[in-house]
2 protein chains.
Amino acid sequence: MESKVILLDQDGVVADFERGFLACWQERFPNRPHIALDQRTTFYPRDQYPQEFRDDIAQLVAEEGFYLNLPPIEGAVIGVNQMIESGHNVFICTSPLLAYIYCVPEKYSWVERYFGVEMVKNIIVAKDKTLIHGDFLVDDRPEISGVTHATWEHIVFDQPFNRHVLNRRIQWDNWQSILTQPTE
Amino acid sequence: MESKVILLDQDGVVADFERGFLACWQERFPNRPHIALDQRTTFYPRDQYPQEFRDDIAQLVAEEGFYLNLPPIEGAVIGVNQMIESGHNVFICTSPLLAYIYCVPEKYSWVERYFGVEMVKNIIVAKDKTLIHGDFLVDDRPEISGVTHATWEHIVFDQPFNRHVLNRRIQWDNWQSILTQPTE
């Protein structure tokens, strides 16, 4: 496979936002209901959790330490290193919270922690990912739009809440075979 | 003029890095030599200041408050608002220090302070700007390269250290006439 520009979304592709959120939620609010990981049906937890918890969810993810302490997605660290060793140009392409004060620098620290300082140079923070050039954007968000027509093919990173999308989809144990399939 | 995607570099185009740096330098090291703004001939101060000061320069710009306290470039706040009011899609496209811990969130806070919270959504942080799509990239860096061939035309924002570059160049008092000139 020739060298490609691969844009990797951070949350839900390399950082396990869902697992991290659930752990924080259960620790903070042990007496409230929670939604099991395999039962999540919306991209944002706030859209599936009872509406009365909306502000608490927003506050939880904006707090110091939330993004820094997300666990990696299983297989992501090995998988990203495999991509790089295969000669691809790999970038972390992430859309931050508008509550950026902890979120943005902690996303950088997280990348440095798990992928090393060289990878920090390959972080792209942008709300509108259609403006970022790549051959592939690996992202768990079901639909992605913006001000322009993107150059990348959207490869869906498999998550329970995006199974309705018909794009090519990957997990970290099959990315090589999926990405090398010829495009239809 | 039809609506364009305009990428604006932050330091040296909207935020006055040079003025901010000189003020900090003179305050911190009043007995050391300094280089007047109109005498600056290199993109990075570290390449023109005596080499013995290299580490001090790196430390100064990485400190808490340095990026947050940069003054705006004269005319930038009015100019950016004119661009937006003219119907252009305006993004702040900035390459951060590898010492990101204060630099990155303070770049966000700076944009919020001078352009408001809506503009925060239009920040793109990327070391390699060739990956960012735009019709124009307004940037004071003389040469810009990266992993791909950029879609934008590089408009040079006029600074003393980039006068050798032959690209179209603007300042905040003439951007409208320069950007509406037909491309050669």
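Here is what the cut-offs are and how they apply
- Residues numbered from 1 in each chain as written.
- Chains lettered and ligands numbered in written order.
- Predicted model: local features only at pLDDT ≥ 70, side-chain atom pairs only at ≥ 80, totals over all residues.
- Heavy atoms only, no water.
- UniProt positions renumbered as here; feature names shortened; annotations may be inferred.
- Contact = heavy atoms within 4.5 Å.
- Salt bridge = Lys/Arg side-chain N within 4 Å of Asp/Glu carboxyl O.
- Polar contact = N/O pair within 3.5 Å; in protein donor to acceptor, adjacent residues only side chain to side chain.
- Helix = DSSP H or I, 4+ residues; strand = E, 2+ residues; numbered from the N terminus.
- Nonpolar A, V, L, I, M, F, W, Y, C, P; charged D, E, K, R; others polar.
- Pairing = 2+ DSSP bridges.
- Phe/Tyr/Trp six-rings, centres within 6.5 Å; stacked < 30°, edge-to-face > 60°.
- Buried < 20%, exposed > 50% of the residue type's maximum accessible area, 1.4 Å probe, protein only.
- Lys NZ or Arg CZ within 6 Å of the ring centre and 35° of its normal.
- Axes fitted to C-alpha atoms, helices over the stretch in contact; angles between N-to-C directions.
- Parallel < 35°, antiparallel > 145°, perpendicular 65-115°, else oblique.
- Left-handed = near helix turned anticlockwise from the far one by under 90°.

The Sequence similarities (unreviewed entry) comment attached to chain A in UniProt states, word for word, "Belongs to the 5'(3')-deoxyribonucleotidase family."

K.L.:
Is there a simple way to explain the interface of chain B and chain A in this structure?
P.N.:
Where the parts come together, the accessible area they lose is often given as the size of the interface. With 25 residues of chain B at the contact, the number on the chain A side is 25 residues. On inspection of chain B and its partner chain A, the count reaches zero salt bridges. Remark: the boundary between chain B and chain A carries seven residue pairs in polar contact (both at pLDDT 80 or more). For the side of chain B that touches chain A, the secondary structure elements donating two or more residues are strand 2 (89-94), helix 4 (100-115), helix 5 (117-120) and strand 3 (123-126) of chain B. Here the element with the most residues in the side of chain B that touches chain A is helix 4 of chain B; it accounts for seven residues. Residues that form the side of chain B that touches chain A fall into these classes: 18 nonpolar, four polar and three charged. Bridge count between strand 3 (residues 123-126) of chain A and strand 3 of chain B: three bridges; the pairing is antiparallel. Note on strand 3 of chain B: the bridge partner recorded for Ile124 of chain A is Ala126 of chain B.

K.L.:
Explain the packing of aromatic side chains to me, please; I cannot follow it from the model alone.
P.N.:
The geometry of an aromatic ring pair comes down to the distance between the two centres and the angle between the two planes. By the definition in use, this model includes 30 aromatic pairs over all chains. Taken together, a centroid distance of 5.5 Å and an interplanar angle of 75 degrees make the contact between Phe17 of chain A and Phe66 of chain A edge-to-face. In this pair, Phe17 of chain A sits in helix 1 (residues 17-28) while Phe66 of chain A sits in the loop between helix 2 (54-62) and helix 3 (76-85), placing the two residues 49 residues apart along the sequence. Judged by its relative accessible area of 14%, Phe17 of chain A falls in the buried class. An angle of 65 degrees between the planes, with centres 6.0 Å apart, marks the rings of Trp110 of chain B and Phe115 of chain B as edge-to-face. The residues Trp110 of chain B and Phe115 of chain B share a single accessibility class, namely buried. The rings of Phe17, Phe21, Trp25, Phe29, Tyr49, Phe53, Phe66 and Tyr67 of chain A are connected pair by pair, giving a single aromatic cluster. Just above the ring of Phe29 of chain B sits the side chain of Arg32 of chain B; from NZ or CZ to the centre is 3.9 Å.

K.L.:
Before we go on, may I ask you to explain the packing of helix 4 (residues 100-115) of chain A against helix 4 of chain B in this structure?
P.N.:
To describe two helices that pack against each other, one gives the angle between their axes and the distance between the axes. Remark: helix 4 of chain A packs on helix 4 of chain B, axes separated minimally by 9 Å, with the N-to-C direction vectors making an angle of 150 degrees. Taken together, the axes of helix 4 of chain A and helix 4 of chain B lie roughly antiparallel to each other. Of the two possible hands of crossing, helix 4 of chain A and helix 4 of chain B adopt the one that is right-handed. Each of Tyr100, Ile101, Val104, Pro105, Tyr108, Ser109 and Glu112 of chain A in helix 4 of chain A lies in contact with helix 4 of chain B, whose residues at this interface are Tyr100, Ile101, Val104, Pro105, Tyr108, Ser109 and Glu112 of chain B.

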